[in-house]
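# Commentary on secondary and tertiary structure
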Amino acid sequence: MPDLDEIKRSVESMSPAEIAPFVQNAIGTKSEVSVLDWVVGTMPVPSIGTGTLGFLKVTGAATLGVEAVEWSAVVKVMDLDETENPWGDGASFNSPVREIEVFGSDFFDLLDGGFRAVPCYGISEMGGPALLWMEDMSSSVPHPWSRQEFLTAARQVGYFNGSWPQEIAPVSAWLDRKFATNRPLLASRSDFFDQVELETNVRAVSALAEKSGVSGITEMSAEYREVADSLVGLPRVICHNDLHSRNAFFRYEKSGPVTYGFDWASIGLGPAGLDGGTLAGGGLIWQAAEAKLIAEIESQMFAEYLCGLREAGYGFDRDQVRLGFLSNLVPYSIAFVVAAIGMPDARVSRMYADRFGVQGDELFNQLVNRLQMFKPLFDEAVRLARQIVR
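Let me sum up the structure you'll find in this document. Remember, it's a predicted structure, so these values are computed and weren't measured experimentally. Per-chain numbering applies: the sequence of each chain, read as written, is numbered from 1 onward. In keeping with the predicted nature of the model, local features appear solely for residues at pLDDT of at least 70, side-chain atom pairs appear and are counted solely at 80 or more, and the whole-chain, interface and lining totals rest on all residues. Just so you know, side-chain values use all the structure's heavy atoms and leave hydrogens and water out.

### Observations concerning the overall build of the chain
Definition in use: A run of H or I in DSSP counts as a helix once it spans at least four residues, and a run of E counts as a strand once it spans at least two, with each numbered from the N terminus. Radius of gyration: over C-alpha atoms. The globule rule applied is 2.2 Å multiplied by the number of residues raised to the 0.38 power. Exposed residues in this analysis have more than 50% of their type's maximum accessible area, buried residues have under 20%, and partly exposed residues fall in between, with area computed by a 1.4 Å probe over protein chains only. Only heavy atoms enter the contact rule, under which two residues are in contact if any of them lie within 4.5 Å.
If you tally the helices and strands in the chain, you get 13 helices and 10 strands. In terms of overall dimensions, the chain is globule-like: its C-alpha atoms have a radius of gyration of 22 Å, near the 21 Å expected for 390 residues. With the C-alpha coordinates aligned to their principal axes, the bounding extent of the chain is approximately 70 × 45 × 40 Å. Per-residue burial for the chain yields a buried fraction of 55% across its 390 residues. Considering only intrachain contacts with a sequence separation of at least 6, the fraction spanning at least 24 residues in the chain is 73%.

### With respect to the pairing of strand β8 (residues 248-253)
Stated precisely, the cut-off is as follows: By definition, two strands form a pair when at least two bridges between them are found by DSSP.
Direction of pairing for β8 relative to strand β9 (residues 256-261): antiparallel, over a ladder of 6 bridges. Residue pairing in the sheet places Phe-249 in a bridge with Tyr-260 of β9. Between the antiparallel neighbours β8 and β9 lie 2 residues.

### Comments concerning the sheet that holds strand β4 (residues 115-117)
Here is the rule: Only the stretch in contact is used when a helix axis is fitted, and all axes are lines through C-alpha atoms; the angle between N-to-C directions ranges over 0 to 180 degrees.
Here we have 3 strands laid out as an open sheet, ordered β4-β9-β8, and mixed in their pairing. The open sheet has two edge strands with one neighbour each: β4 and β8. Averaged over all neighbouring strand pairs, the angle between strand axes comes to 35°, with direction disregarded. Direction of pairing for β4 relative to β9: parallel, over a ladder of 3 bridges. Note on β9: the bridge partner recorded for Arg-116 is Tyr-260.

### Some details on the state of the cysteines
Cut-off, in case you're wondering: Disulfides are defined in this document as cysteine sulfur pairs within 2.5 Å.
The full count for this structure, using the stated rule, is 0 disulfides. Here Cys-239 is not disulfide-linked; the sulfur of Cys-307 is the nearest cysteine sulfur, at 19 Å.

### A closer look at the packing of aromatic side chains
Our working definition: In this analysis, rings of Phe, Tyr and Trp, with Trp reduced to its six-membered ring, are considered paired at centre separations within 6.5 Å, and the interplanar angle assigns stacked below 30 degrees, edge-to-face beyond 60, and tilted for intermediate values. Any Lys NZ or Arg CZ found within 6 Å of a ring centre and within 35 degrees of that ring's normal is scored as a charge over the ring.
All chains considered together, the criterion is met by 20 aromatic pairs. A centroid spacing of 4.9 Å and a plane angle of 55° characterise the contact between Phe-103 and Phe-108, whose relative ring orientation is tilted. Note on accessibility: Phe-103 and Phe-108 belong to one class, buried. Each member of the aromatic cluster is reached from another via a ring pair, and the members are Phe-103, Phe-107, Phe-108, Phe-115, Phe-160, Trp-164, Trp-174 and Trp-264. Taking the ring centre of Phe-179 as reference, the NZ or CZ of Arg-236 above it sits at 4.0 Å. It is Arg-246 that lies over the ring of Trp-286; its NZ or CZ is 4.3 Å from the centre.

Here you go:
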């Protein structure tokens, strides 16, 4: 399997005729273009999902008639060999094959609201990996978003989910119908959260409880399994399933603000609310100002999400949607516990140190602060799960 540097060299050595179809889509024309030159660079990104080898940015010049034009594209390089039997009982939660299939369908052309997929210019293959040529979104609003941008995005995502209830969802191989892409269920069945219950961590958990003033920490793993299990019986809609804010772009366009979803490798049926809660929850794991903003506006984001569902004509039970919304927001509370008791060497502790931009005592204090801010939402999710199951 070629690595990213080899793929970069392969793109650099493509012929103008091979590049031309992507350039036509990038500049929005069906007319013949003459590709003059292009430059390929690797892109640093905060994190890379399973099956993704990396990202390239391609910029260049072309002529359209007598007019000189500049163009650019971002190329997502995916290892299709990473996913075996993607549509079987052991379906991958994050499948490059699924993403290629959905972009090859007409599904994204059917989206009529303010939430859309990042435009795809075409797909090519290079000795195994697949290359997804996509619009360069560098002109979008930088992260972290403002209060109003989060609220607008939540409403647009609600409209998207509400427009696609299970009853009218496409019968297509790329759409997971087995809950294989449901993050809460996957998290609850992993051994990651079990660290809270290990006897070897009892002293560290007790110290964290005393420091934070948060009760019930040792029960959180078992309680979250109740939350995840309760989702199985809820009404389902098409979900992106991994729509944290770094998998989304917000851009002001002539027609109005648009939210673009990126990384569709987990698209599948899931409970209404989940995508909205994921959008909010993703803000918890970055610097303090963004986490504080989410704590202040998550109820407003939920209200806007419900407005989006209504605009789509989707009938819903508020408590069920609230449970779906919280289900992929509240597990970060457990992750904060695992990171705090695992300091300084645990992988998750190092990840949060990088994302928060702090180390040592300040990292511990921020983990405690976020646990304090979001544990009430965790408790709300548990109450709703028990109420709905009962």
